[in-house]
Structures are given as structure tokens and as C-alpha cells.
There are 2 protein chains.
Amino acid sequence: MRGMMMDRPLRVADILTYSEEIHGTAGIVSSTVEGDIHRESYAEMAARCRRLAKALRTMGIGPGDRVATLAWNGYRHMELYFGIPGIGAVCHTLNPRMSPEQLAYIVSHADDRVVFLDLTFVPLVEKLRSRLPDRLRYVILADAASMPRTSLANVHCYEELLASEDDDFGWPDFDEDTAAGLCYTSGTTGVPKGALYTHRSLVLHSLIVGVSMQNSLRAGRRLLPVVPLFHANAWGAAHAAPLTGTSLIMPGPGLDGPSLWNLMETEKVFAAWGVPTVWLGLLEEIGKRGRKPAGLEEVVIGGAAAATSLIKGFEDLGVSVCHAWGMTEMSPIGTLGFLSPEQTSLPARERLRLKSTQGRRAFMIDLKVVDGEGRRQPNDGEATGELFVRGPTVVSAYFNNEEASAAAFDGEGWFSTGDVASISSDGFLNIRDRSKDLIKSGGEWISSLDVENLAMAHPHVANCAVIALPHPKWGERPVLVAVPSVDRPEPDGIRAYLEERLPKWQVPDDIILVEELPLTATGKVSKLTLRQIYADHKLP
Amino acid sequence: MRGMMMDRPLRVADILTYSEEIHGTAGIVSSTVEGDIHRESYAEMAARCRRLAKALRTMGIGPGDRVATLAWNGYRHMELYFGIPGIGAVCHTLNPRMSPEQLAYIVSHADDRVVFLDLTFVPLVEKLRSRLPDRLRYVILADAASMPRTSLANVHCYEELLASEDDDFGWPDFDEDTAAGLCYTSGTTGVPKGALYTHRSLVLHSLIVGVSMQNSLRAGRRLLPVVPLFHANAWGAAHAAPLTGTSLIMPGPGLDGPSLWNLMETEKVFAAWGVPTVWLGLLEEIGKRGRKPAGLEEVVIGGAAAATSLIKGFEDLGVSVCHAWGMTEMSPIGTLGFLSPEQTSLPARERLRLKSTQGRRAFMIDLKVVDGEGRRQPNDGEATGELFVRGPTVVSAYFNNEEASAAAFDGEGWFSTGDVASISSDGFLNIRDRSKDLIKSGGEWISSLDVENLAMAHPHVANCAVIALPHPKWGERPVLVAVPSVDRPEPDGIRAYLEERLPKWQVPDDIILVEELPLTATGKVSKLTLRQIYADHKLP
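Along every chain, residues carry numbers that run from 1 in the direction the sequence is written. The naming scheme follows written order: chains are lettered A onward, ligands numbered 1 onward. Only residues with pLDDT of at least 70 get local features here, since the model is predicted, and only at 80 or more are side-chain atom pairs given and counted; chain-wide, interface and lining totals rely on the full set of residues. No hydrogens and no water enter the side-chain calculation; it runs on all heavy atoms of the structure.

J.: How would you explain the overall build of chain A if you had to name every residue and give the values?
T.: The way it works is that DSSP assigns letters per residue, a run of H or I at least four long becomes a helix, a run of E at least two long becomes a strand, and they are numbered from the N terminus. The helix and strand inventory of chain A stands at 16 helices and 26 strands. This radius of gyration counts C-alpha atoms alone. The globule rule is 2.2 Å times how many residues there are, raised to the power 0.38. Computed over the C-alpha atoms, the radius of gyration of chain A is 23 Å, within 12% of the 24 Å expected from 2.2 N^0.38 for a compact globule of 540 residues. For chain A, the spread of C-alpha atoms along the principal axes amounts to about 70 × 60 × 50 Å. The buried share of chain A, taken over its 540 residues, is 62%. Whether two residues touch is decided by their heavy atoms; if any such pair falls within 4.5 Å, the residues are in contact. Once local pairs closer than 6 in sequence are excluded, the contacts in chain A between residues at least 24 apart make up 67%. Just so you have it, chain A exposes about 20100 Å², and 49% of that area is on carbon and sulfur atoms. With 54 positive and 67 negative side-chain charges, chain A shows a spacing of 2 Å between the two charge centroids. When accessible area is computed with a 1.4 Å probe and restricted to protein chains, residues below 20% of their type maximum are described as buried, those above 50% as exposed, and intermediate ones as partly exposed. Methods summary: accessible areas were calculated by the Shrake-Rupley approach with a probe of 1.4 Å, and residue burial reflects only the protein chains presented. We score Asp and Glu as negative and Lys and Arg as positive, and we do not count His or the chain ends. Taken as the charge centre is NZ of Lys, CZ of Arg, CG of Asp or CD of Glu, depending on the residue.

J.: Any chance you could break down the nonpolar core for me, citing the residues and the numbers?
T.: In this structure, A:Trp279 and B:Trp279 are the most contacted members of the largest nonpolar core, which totals 309 residues. Filtering out sequence-adjacent residues up to four positions away, B:Trp279 remains in contact with B:Val226, B:Met264, B:Ala272, B:Trp273, B:Gly274, B:Val299, B:Val300, B:Ile301, B:Leu310 and B:Phe314. Nine residue types can take part in a nonpolar core, namely buried Ala, Val, Leu, Ile, Met, Phe, Trp, Tyr and Cys, and a core is a set of them joined through side-chain atoms within 4.5 Å.

J.: Describe the sheet that holds strand E17 (residues 360–361) of chain B, listing the residues and the values that go with them.
T.: Residues and elements named next belong to chain B. Note: two strands are recorded as paired if DSSP finds a minimum of 2 bridges between them. Strand order in the open sheet formed by three strands is E15-E16-E17, with antiparallel pairing between adjacent strands. Each having just a single partner strand, strand E15 (325–326) and E17 make up the two edges of the open sheet. By the bridge criterion, two bridges tie strand E16 (residues 333–336) to E17 in an arrangement that is antiparallel. Bridge pairing links Thr 335 to Arg 361 in E17.

J.: Account for the interface of chain A and chain B, with residues named and values stated.
T.: If you look at the interface, chain A gives 69 residues, while chain B gives 68 residues. Around 5700 Å² of area is buried between chain A and chain B when both sides are counted, 61% of it from carbon and sulfur atoms. When two components associate, each loses some accessible surface as probed by a 1.4 Å sphere; the sum of these losses over both components is called the buried area. On the chain A side of the interface with chain B, the three residues burying the most area are A:Met1, A:Met5 and A:Met6, jointly 16% of the side's total. A side-chain nitrogen of Lys or Arg and a carboxyl oxygen of Asp or Glu constitute a salt bridge if their distance falls within 4 Å. Taken together, chain A and chain B are joined by six salt bridges.

J.: Account for the packing of aromatic side chains, with residues named and values stated.
T.: All names here are of chain B. Stacked, tilted and edge-to-face are the three classes assigned to paired rings of Phe, Tyr and Trp, where Trp is represented by its six-membered ring and a pair needs centres within 6.5 Å; plane angles under 30 degrees give stacked, over 60 edge-to-face, the rest tilted. Across all of its chains, the model carries 16 aromatic pairs over all chains by this definition. Summarising the aromatic geometry, the rings of Tyr 398 and Phe 415 are spaced 6.4 Å apart at their centres and angled 70 degrees between planes, so their arrangement reads as edge-to-face. Here Tyr 398, found in the loop between strand E19 (385–390) and helix H13 (402–407), pairs with Phe 415, found in strand E20 (residues 415–423); they are 17 residues apart in sequence, far enough to count as distant. Exposure remark for Tyr 398: the relative accessible area of 6% places this residue in the buried category. Take Phe 415: its relative accessible area is 1%, and that puts it in the buried class.

J.: Which residues make up the relation of the copies chain A and chain B, and what values go with them?
T.: One copy of the chain maps onto the second through a rotation around an axis plus a translation along that axis. When the copies are superposed, the least-squares fit takes in the C-alpha atoms of residues with a pLDDT of at least 70 in both. In the superposition of chain A on chain B (RMSD 0.1 Å, axial shift 0.0 Å), the rotation amounts to 180 degrees. As the rotation angle and translation indicate, the two copies are arranged about a two-fold axis. Closest approach to the rotation axis within chain A is made by the C-alpha atom of A:Val211, at a distance of 2.5 Å. A symmetric contact is evident, with 99% of the interface residues of chain A recurring at the interface of chain B.

J.: Help me get a handle on the pattern of salt bridges, residues and values and all.
T.: Residue and element names in this part refer to chain A. Tallying each qualifying case throughout the model produces 71 salt bridges over all chains. Between Asp 366 and Arg 361 there is a salt bridge; the shortest N-O distance is 3.8 Å. Like Asp 366, the residue Arg 361 is buried in the burial classification. Connected through shared salt-bridge partners, Glu 40, Arg 48, Arg 76, Glu 79 and Glu 159 make up one network.

J.: Talk me through helix H1 (residues 12–22) of chain B; I want residue IDs and the actual numbers.
T.: Side chains of residues three or four places apart in an α-helix project in the same direction, reflecting 3.6 residues per turn. H1(B) sits mainly inside the fold: nine of its eleven residues count as buried. Residues of H1(B) that are buried: B:Val12, B:Ala13, B:Asp14, B:Ile15, B:Leu16, B:Thr17, B:Tyr18, B:Ser19 and B:Ile22.

J.: Before we move on, can you summarise the packing of helix H2 (residues 42–58) of chain B against helix H3 (residues 75–86) of chain B with the specific residues and values?
T.: Residue and element names in this part refer to chain B. Each axis is a line fitted through C-alpha atoms, and for a helix only the stretch in contact is used; angles between axes span 0 to 180 degrees, taken between their N-to-C directions. Following both chains from N to C, one finds H2 and H3 inclined at 60 degrees, their axes separated by 9 Å at the closest point. What the angle tells us is that H2 and H3 run oblique. For the pair H2 and H3, the sense of crossing is right-handed. Of the residues in H3, those touching H2 at Met 45, Arg 48, Cys 49, Leu 52 and Leu 56 are Tyr 75, Arg 76, Met 78, Glu 79, Leu 80, Phe 82, Gly 83 and Ile 84. In this classification, Asp, Glu, Lys and Arg are treated as charged, Ala, Val, Leu, Ile, Met, Phe, Trp, Tyr, Cys and Pro as nonpolar, and every other residue, Gly included, as polar. A class-by-class count of the residues in the contact of H2 with H3 yields nine nonpolar, one polar and three charged. Oblique is the label for every angle not falling under 35 degrees (roughly parallel), over 145 degrees (roughly antiparallel), or within 65 to 115 degrees (roughly perpendicular). By definition, any crossing whose near helix is turned counterclockwise from its far helix by less than a right angle is left-handed, and any crossing with a clockwise turn is right-handed.

J.: How would you explain the sheet that holds strand E10 (residues 222–225) of chain B if you had to name every residue and give the values?
T.: Residue and element names in this part refer to chain B. Spatially, seven strands are ordered E2-E1-E11-E10-E12-E13-E14 in an open sheet, and the strand pairing comes out mixed. Two strands lie at the open edges of the sheet, namely strand E2 (37–41) and strand E14 (320–323), each paired on one side alone. Sheet twist, expressed as the average angle between the axes of neighbouring strands with direction ignored, equals 20 degrees.

J.: Explain the environment of B:Asp426 residue by residue, including any values.
T.: When you line up the elements, B:Asp426 lands in the loop between E20 and strand E21 (429–434). Counting along the chain gives 46 residues from B:Asp426 to B:Asp380, while the straight-line C-alpha distance between them is 8.5 Å. Here B:Asp426 is in contact with A:Glu21, B:Gln343 and B:Arg360, once residues within four sequence places are set aside. For this analysis, a polar contact is any N or O atom pair within 3.5 Å, provided that within protein one partner can donate a hydrogen and the other can accept it, and provided that sequence-adjacent residues contribute only side-chain to side-chain pairs. Side-chain polar atoms of B:Asp426 contact the side chain of B:Ser424, separated by 2.5 Å.

J.: Break down the state of the cysteines for me, with residues and values.
T.: Two cysteine sulfurs form what is called a disulfide whenever their separation falls within 2.5 Å. For the structure on display, the rule yields zero disulfides over all chains. Cysteine B:Cys91 shares no disulfide, and the gap to the nearest cysteine sulfur, in B:Cys183, comes to 9.6 Å.

J.: Which residues make up the environment of B:Ala307, and what are the values?
T.: Residues and elements named next belong to chain B. Relative to the helices and strands, Ala 307 is located in the loop between strand E13 (298–301) and helix H11 (308–316). Classification of Ala 307 by relative accessible area gives buried; the value is 8%. A sequence separation of 31 residues divides Ala 307 from Pro 276, and the C-alpha atoms of the two residues are 8.0 Å apart. Ignoring any residue separated from it by four or fewer positions in sequence, one finds Ala 307 in contact with Asn 453 and Met 456.

J.: Give a description of the side chain of B:Glu298 that names residues and reports values.
T.: All names here are of chain B. Looking at the secondary structure, you find Glu 298 in strand E13. An unpaired buried charge is present at Glu 298: no salt bridge exists, and Lys 355, the closest side chain of opposite charge, is 7.2 Å distant. Polar side-chain contacts of Glu 298 include one of 2.5 Å to the side chain of Ser 216. If sequence neighbours within four positions are ignored, Glu 298 has contacts with Asn 215, Ser 216, Phe 270, Ala 271, Ala 272, Val 319, Ser 320 and Phe 338.

J.: Give me the lowdown on unusual backbone geometry, citing residues and values where you can.
T.: A cis amide bond, omega 5 degrees, links A:Ser331 with the succeeding residue A:Pro332. Mapping A:Pro332 onto the fold places it in the loop between strand E15 (325–326) and strand E16 (333–336). One non-glycine residue with positive phi stands out, namely A:Ser331, at about 85 degrees. Structurally, A:Ser331 can be placed in the loop between E15 and E16. Given a relative accessible area of 0%, A:Ser331 falls into the buried group. The phi torsion at B:Ala234 lies on the positive side, around 55 degrees, for a residue other than glycine. Relative to the helices and strands, B:Ala234 is located in the loop between E10 and helix H8 (237–244). You can call B:Ala234 buried: its relative accessible area is 1%.

What follows is the structure in C-alpha cells.
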């Protein structure tokens, strides 16, 4: 029997109008690419989004059209996040850290009609121009006075577009399964693949993140998303913050430790979300300054596994860490590392162990671990296998990519994450490795994540990665590539440290010290690049 | 263009499994009808719900069947809230405060198959028996030892039903628009009408309440819903508490001031939700004890307009008041009286004025005020008219009642609330009156609510209601019916007080002192009954 409730669609624009009416005085503080601080309330943002909607229509953008963004975190990027889907078009966030080849591929594959870009990215697009469609139009996120000289054709000025419209506009109704957002994965395997979010999935994700992350998301709170708006739907921050009345402090391009420290201190930031590499930089700055930015209470770490030492670094400062896990294909939140009230009173070592896992599932996200034959494994914290997920905020296919779509789901329609994991009886997900990063030595599996996590705890290791190199006898053997934290590091000391704590056969055959590690477009250490660099490295 | 996200339904059972896995140690503390305190974790509840699901199926209950409850707030009632819809049946909460005629009508109109009832209500149902269908079965919410002698036929024992099943059960999938809950309005006008909630509307409502009411709903918090599970979907508490990991402290039948004070004190209750009459009782008890129950920080007042003096009474004790408004037809939350961070630093008098309104809309709820010709009125705080609402948590029709359904919606599909209201420019809803409670004197409207609110501020008035009586010259004139708070009240003093503060023509023609006011089945003052009692009252 069907119930009798109104058939009202969930729309991204509903978040916008709600934030305008209910949280109109909260808003966005942006550290701009021009170098100043810009303040815009959610009420002002909503009015500008209505102008943007009219400008898009004037440009001929209609339902289903893909509109790309190439921008840092800032108020204009937020306006695009709402204005584009508001009229039924698709907001396609491009990741500027992708290679030129990847970017050209993605723009063409998505069939973008317009690219909205920050001043910073004009030179990048100029270089790409010959590989991009001639009909592509460009809107530069600047006012008339800041418009650059450029070799690009079909160029518009964002502020002039908005000034040429008024804000008398009503957001149209459409089915909640209408596409709203498009985000390509960083493509560490094969070509980048697109996740095509719906209005329903984005609104549900915002609500789920909102009820789960009440420290970061709350009326009057101030959240700094270091995670870019172009990275995996900004972990939901762009939608959940206006919904809950949380102000967003946007760092623009300044993602180094000193810039973040200053912005957090000046703007009284309560919570900040970002990837491990960013937090290593902030911790270093905190070490130099001798204190954390005043008022910083919560750090959410995701995008890559957080080492226990990183988590401990923040918790020792009185900053609560939420270690989260997700994927672009999951909108992206999958699990959250919050402890139950009982667990928060456990001894520090036990708390840290729980926080070093990926945490527990978000509402409506189902997890299952299966073995090589597809048999479901028990949640006993021991049995490992491939992790599959399901839920209304998980992709059902990749955008225009039948081959990748066919490979990504099991017979029951669950999405294959490519992670090897176990789940404990109380629901904590422990990702042991990306399946392709596991090292098979003499028939036994070695988790590169486990070895990295241990190495990170050594005081002379600032950052590191463990990769497999081919070995004539064992098949593969692990090698540690490490960035030292001191001037004269001692590889032998690090080796001895690992030998004390690991089974002998898991200790890396070699320790290579480097100045920095190559990163992927989403700020994760690129093991693909490392394997290429060290392909011919001779093991001792 | 359609997005590409999994088509997973929102189901009430998803809340149950989530609370089991993620908030399994939180749960329900019940002050039982047997008189003891019972504790059940959400993990235990989920396992018992699975037994209940199997027991329902064994009884032949299937998708779409209506299963009624007649019970106080307690753990078994919570199990019914989840176990019944979990299998696709409809949980129909009966309000024991309805008249026998109304109850018999509702059970028959809903075509209930089974009634689950508390021990307390066995005599009530025995009396009703001849008016209920012969085939109706009864399950008494008790263990075998507590089963009463009864003249009812087809009687089962709840604990025996559960004991005869195991908890190996998986919740079935079905469309999210499947009916999940049924709740009849108290029927102050005409016959009671049924709101038929869907799985979608209940899950969305839980998420919306969860992100909006973060003080009451938060992992580790303890919430006492005085609002009954049979009253308007318990304002969302029954679903949002397990979802967020909030423990529920269930008062059973003990809703008087002393019982509530003791339970709050003993169980360290942080927040409590209920109707104004309940809070008058608690304030009186607090006055006697000289302090609030330790730890009580938030009171949510809904179900009827809260007088400013009631709000002030709690705020003066350091208990934050959220004055909320909703309707059974709205799942029920429509507006919430939270102030913005800026407004919380306003002077006390201004804060109190804002909190005396019904607050601002919940996410996804749209409000409009229209005049007699259906023209939309501006949100200027001045223009009044009939309030209409729209949203995915609002009914689209009444259950099996075409006539009532036809009358309840306007041409655009908005639901007619029957309230006369204005909305301020910053979104605060001010309900001036139920349209049928407005008093038309000499061609001018008098808001009974405004006069009541003022009278409640007089120290000698404990509770009151203003009704219209027919008048040969003016058409109608207001009369104040008041419960005094002191032994020797002074009607003339109250009159002088009102004369000082009201336009002369709004001052009631008479002040009638009574020992208590008649209440409706949902605990509101019954103006219908008052009008009947005083139909022949002679105005001075």
C-alpha cells in the first residue's frame, strides 16, 4: 500500500533557499586568489546564485548541459555549486591538479559547454586550448578590473555576467533523480571516470553528513574545508554547511601550513577538513608556533589513510580527530571515525587504535567484505577481503563509460571499492590496502598501509610510502620511500625500529630517503609514480 | 538528464539497523506501567524487532495491513514503531484519550487487523469490545506472568509471541513510498482523519529533525519525550533518537509534574519535549522543589501555542526553550523556535518575543500565507491570512476520506493548515489563531491566542482559554476562562491588568474562574468543549 504524502522532489536549490531564509547571516569567508579576504552571507550568495541562474540561461545553458569549474575554494565557486544545478544543468568540477592530457580528456568526455575558471588557471587553460573544443566558452571568475589579457576566445567576465541580470528568479521544479553534479576520479588506474550525482543523492548526503558530523556542522560554527570543492564533492561540506548554518572559511590557493595556521587563527575556525599531507604541514607549523590556532577543536582527515602518529599529533593538542573514509563514487562519505560515548573514555592507546581505523558506516551506507569467490565474510575484525558498498549516495554506473561500469559492480549491484578491508564486530572498518597496493611476498600478503603506519611513528620520518618491487625469489618485496624530518636521518635506525615491530619478512628490503613524495591530483601519495620511478631500482 | 546513483529506498528499518550497529549501547529507559524501570539498548531493541517481525508474519500480517497500538511511551511501543513498518505493514497509533466513539470509528475506518495494547488499556478496550470487529485480535504488551483476566477474545501475550520466534530475520526491500505509519487527528472538527506516512517521509523527517534539533538529538544525549508515541508521530523523536544515538527516557503513564521531575533527575535527562499543559505541571513542581532537575538544559514546547510566561519560566531557570509548531498532517514538524547566533545575544525581552512566535520553517517545509481570495501575502510580519504548507513530509490526502481530502488542499496542491498567521521578513511564523478560534467582534477580528498569552502573564492565572460567545450587538464577544494559581484570585485585578494592555474592544466581556480546563485527546485545551459548556452563559 502506498502512503499519502506529497511527492516533493529533493533539490539542491532547497538547501540554498533554506540557508538564505534561516541561516542568512552565516556565510562564506574567502581568502581570494587576488589576495584579500572576501565576506559573503548565505543570503547574499542566494541572491547572486539567482543572477547566475539567469546568466546561464542567457548563455543558452539548459537542463542536462555540463558546465565545468576550474577553481579554488571560494565564494564564486560556491555560487556555481548551487546556481548550475539549480536550473537543472550539471556542475562539473575539474581538478586542476590533473595532467593536461587528463583535463583535455575529461572536458571532451563530459562534453562541457562552458568552463568557469579562476584567474590562477588562465595560463593552464591557454596551454590546453588547442586540445579543447573550439566552441567551448570561458567565464573568468573575476570582476572587470581584474580581467587578464588572454589568448583564449569566447571569454566572459563573471561579475559582468551577474551584473547584467537581476535576482528575480524562482528555482524550477524537476525530478529529484535529475543529474546535478559531475566529478571524475583522479584516475590512478586507467582513464578518469565520472560520478554523476543526482539532486536526491546530494540532498540526502548533506542530511546524512549533517546528522553525523554535528561538531563541524552546526549553526554558528566555522568550518575550514581544506578539501577542495573540486575533490569528491568537497566531502559534502559545500552543501551541508549552508544547510546547517555553518560558515565556511575558504582558503583559496593557500594550502600550506603557515597560510592555514594564519587563516584559522584570524577567522576563529572551529573545525577543518583535509587530506593527511595538508595536516602534516599544519602540524609542522603548529610545532614552530608552539600552539594550535586558537579555537581549533576538530580535524577531519580523509582522502587517504591517516597514520596513527598524525592522529596522535592532533589529539595531543586537544584537537579531536575524525578519521573518515569515502570515495568520489560515494558522494563521498562512507565511514566516519567517531567513537561512542563509552569509547571516548577508553585508555588513550585504545582510543587511538580505534581512531586509526576508517571508522563506522554513515547512515544508509551498507558495507560488505567478500573473499575471492564472492562469499560474504564475517564482521570479526579478522577476515579480510574486497570491500563492496551500497546506498542511495553511491554511483550506479560511471558517466558514459560502459566498460568501467560493467567492471565496477557485483551481481547484487554493490559497488566494488578496490579496497581490501576487514570490519570489526562493533562496525569499525579497517582498510588494509588498496588491492593493487598489496605486496605479495613468497605467497604471503603484506599491507603497505600497515608498514607505512608504523614507519610514520618513527620520529625521523615526516612522510613515507611503501611500494612493491619485483624480486626473483619472493615475487615482490617491500621498499620504504621516506621523507626525513631531520637533517641527518639514520636509515639504519629506522630499519632497526621496524625490525623490532614487524615480522622479519614484512620489513622493507630497502629504505630510500627522498626530499618529497609525488602526489596525485587529489593530494594522495602517488604510488603509481613511485613504482615508475623505482622500476629499475636494485634491491640490496 | 538523469544522474547515475543507486536507486536505494529510504526505509524505517534502515534507522533500526543503523542504531543497532552504530549506537547499539544507547537505548531506551522505560518507566513501565508495571511501575519499575526497564532498560533496553538499541541493539537489544533491534533483535526484538526482528522477533516481532517474524511473529507478525506468523499471525498472518502482511504488507499494507494496519496494526494498531494503544500504549504509553515505552520500549515495547518503540519496538512496534519499527517492527510493524519493517515488514511493510502500517503502524497505526491509537490515541487512548479519544472518546470511545472516536476510537471505535477509527479502528473500523482504518480496518485494523490487530491491536497491541498496554495493560492499562485492557478495561477501555473491554468496554469498547461490542463496537469493534469480531475478527480483531489483541496482543497485550506484557509478559506471561502479568497477563490479566479479560473478557476479550483472540488475546495474545506480547512476550510469548516474541519468545516463540528467533531473531534471524532480514528486513525486506520495498518502494520508499510504501505506507509505514497511520495517525488520526484528534478530530476537533468533524470525524478524525488519518495521515498515512510513508517510509520516505518518516526517514526524511528524522533526518530533518536530526539536523535541526542538535541539542536534543546527539549521540550520548538523553531525551525525555513527554509527547506520546500516539501523538503526531511523537514529533519525530521515536525515529530521530535511534538514528542519532540519543537515548530515550520514556515516562510511561506518569506525566504529572512530580513523576516527571523525579524521572528527569534520576535519569539525567538533558532535553524534554511536550505540550504546554505538561510544562505548567513541571514548572509548578520545580517551584516546590526550589530547583530544576539536574542536567535539564532544553525544553521543546509544541502541540499548542506556548504562552510567553511559560517560555520565560523555563528560560529564567537556565533551560533553553524551543517553541515548535507542526501538525499530525506534517509528520509533524513545521517550524522550530531556534534563534540565530546573533539573535541569542539580543536583550532578554526581544529574545522572548521571538521565542513566543512559532519559529522558522524546518528544511524542505514551504510556508505561504494567503488572503481570503487566495492571494499570497508578503512576509512582512503584518499581513495575516490562512497558512498553507508544502513539503515531502506533508500529507497529500487523508486516508480513505475523499471529502476531507478535497477540502484540505488549494489549487496548487498546498495543504490548508486552518491557522491564521503572519510571517516576518526574517522568517518567524506567528500563528494568530486557529481560524475557527478567531473572534469576530463588530466586524474586527480578535485573536484568542493574543489575549490568552497576555492573561497567562498575570501572576494569578495558571492556565486559561479565550472563547467567543454570541452577542446581540457585536456578533461575538470574547470571554476568558481561567484556572487561578492562588487561593483567592481577583477577577477584577486580572481585568484591570488586561485593560491596561489591550485595546478596549479586545478585553473579554467576562472572566470565568474554573478549577480545570477540558483537554482534547492530544492535551490541548478543548475550546470546542468550552464553547459547549458556556453556550448559554449570560454575558454581564
